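# Topology and contacts: notes
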Amino acid sequence: MRDVFQLKDLEKIAPKQKGITSMSVKDVLQSLVDDGMVDSERIGTSNYFWAFPSKALHARKRKLEMLESQFSEASQKKKQLEEAVKKAKVGRQDTEERTELSEELSSLRQQKEGLRTELEKYKDCDPDVIDEIRKANKVAKEAINRWTDNIFSVKSWAKKKFGFEESKIDKTFGIPEEFDYID
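Within every chain, residues take consecutive numbers counted from 1 along the sequence as written. Per-residue local features of the predicted model are confined to residues with pLDDT of at least 70, and side-chain atom pairs are confined, for both listing and counting, to 80 or more; whole-chain, interface and lining totals are unaffected and use all residues. Excluding hydrogens and water, the side-chain figures rest on all heavy atoms present in the structure.

### Notes on the sheet that holds strand β1 (residues 5-6)
What counts, and what does not: If DSSP finds at least two bridges between two strands, the strands pair. Think of it this way: any DSSP run of H or I at least four residues long counts as a helix, any run of E at least two long counts as a strand, and we number them from the N terminus.
On the basis of which strands lie adjacent, the open sheet formed by three strands has the order β1-β3-β2 and antiparallel pairing. Sheet topology places β1 and β2 (39-43) at the edges, where each strand pairs with a single neighbour. Here five bridges tie β2 to strand β3 (residues 46-50), and the two strands are oriented antiparallel to one another. In the strand pairing of β3, Ser-40 is matched with Phe-49.

This is the structure in structure tokens:
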């Protein structure tokens, strides 16, 4: 119908003409408004709803125009890509020289991987790696001597504070007799 309705009118008409329960008319109507298939306007205290056939026709025309423009853009892009493929194929014909160069390239790549794995084997002998290990060892030695110094300080404090013998402290805390600084 080409008419404007209020919600209460639609709640009476919809069950009779379309078989929609009167309880769900409001939900269906809101869904149609959200989808843009039905227009709605609040005038004063009333809400009015309408849907003219021309609106649906215009919406389909706009959608068709949009899809046609997307199709034409995609067609142009396809044509450009096909031309790029043709240009890329120029000079890439399978000739004996090209086949030989391709085989040589693959053998060189395999040789490079072999050399890389062999280099990994000898990584431990690399002077840079050895220098890093030496630096790490030096830092570790300093840390060990610092903790040794701390242990001697605690032993000295315990001897003075509690009057324990040094051998008893060593035995209680599991400190070996040969415990000393590292040179």
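### Details of the packing of helix α5 (residues 127-162) against helix α6 (residues 166-173)
To be explicit about the condition: Helix axes use the C-alpha atoms of the stretch in contact, all axes being lines fitted to C-alpha atoms, and the angles between their N-to-C directions lie in the range 0 to 180 degrees. Angles are sorted into four bins: roughly parallel if under 35 degrees, roughly antiparallel if over 145, roughly perpendicular if 65 to 115, and oblique for all others. We call a crossing left-handed when the near helix sits turned anticlockwise from the far one by less than a right angle, and right-handed when that turn is clockwise. Contact criterion: two residues are considered in contact whenever any of their non-hydrogen atoms come within 4.5 Å of each other. Classes in brief: Ala, Val, Leu, Ile, Met, Phe, Trp, Tyr, Cys and Pro nonpolar; Asp, Glu, Lys and Arg charged; the others, Gly included, polar.
Packing of α5 against α6 leaves a shortest axis separation of 10 Å and a crossing angle of 125°. Regarding the angle of α5 to α6, the classification is oblique. Crossing geometry of α5 relative to α6 is assigned as right-handed. Contact with α5, carried on its side by Lys-155, Ala-158 and Lys-159, involves Glu-166, Ile-169 and Asp-170 of α6 and no other residues of that element. In the contact of α5 with α6, the residues fall into two nonpolar, no polar and four charged.

### A word on the UniProt feature "domain: Leucine zipper with capping helix" (unreviewed entry) in the protein
How we decide: UniProt positions are given in the numbering used here, feature names are shortened, and annotations may be inferred rather than shown by experiment.
Per the UniProt record, "domain: Leucine zipper with capping helix" (unreviewed entry) is annotated on residues 129-182. Each end of residues 129-182 is marked by a C-alpha atom, and these two atoms are 23 Å apart; helix forms 78% of the span and strand 0%.

### Digging into the nonpolar core
Side chains of nonpolar character tend, in soluble globular proteins, to be buried together. Where we set the bar: To define a nonpolar core, start from buried Ala, Val, Leu, Ile, Met, Phe, Trp, Tyr and Cys residues and group those joined through side-chain atoms within 4.5 Å. Three labels apply to residues, based on accessible area from a 1.4 Å probe with only protein chains included: buried if under 20% of the type maximum, exposed if over 50%, partly exposed otherwise in between.
Listed in full, the seven residues of the largest apolar core are Phe-5, Leu-10, Ala-14, Val-25, Leu-29, Val-38 and Phe-49. Put simply, the parts of the chain that give this core at least two residues each are α1 (7-17) and α2 (25-34). Filtering out sequence-adjacent residues up to four positions away, Val-25 remains in contact with Leu-10, Glu-11, Ala-14 and Ile-20.

### Examining the packing of aromatic side chains
To keep things clear, this is the line we draw: Only centres within 6.5 Å qualify two rings of Phe, Tyr or Trp (six-membered ring in Trp) as a pair; their planes then separate them into stacked at under 30 degrees, edge-to-face at over 60, and tilted for everything else.
Per the stated rule, a full pass over the model turns up four aromatic pairs. Ring geometry for Trp-157 versus Phe-162: centroids 5.7 Å apart, planes at 90°, classification edge-to-face. Ring-pair connections join several aromatic residues into one group, and the members of that group are Phe-152, Phe-179 and Tyr-181.

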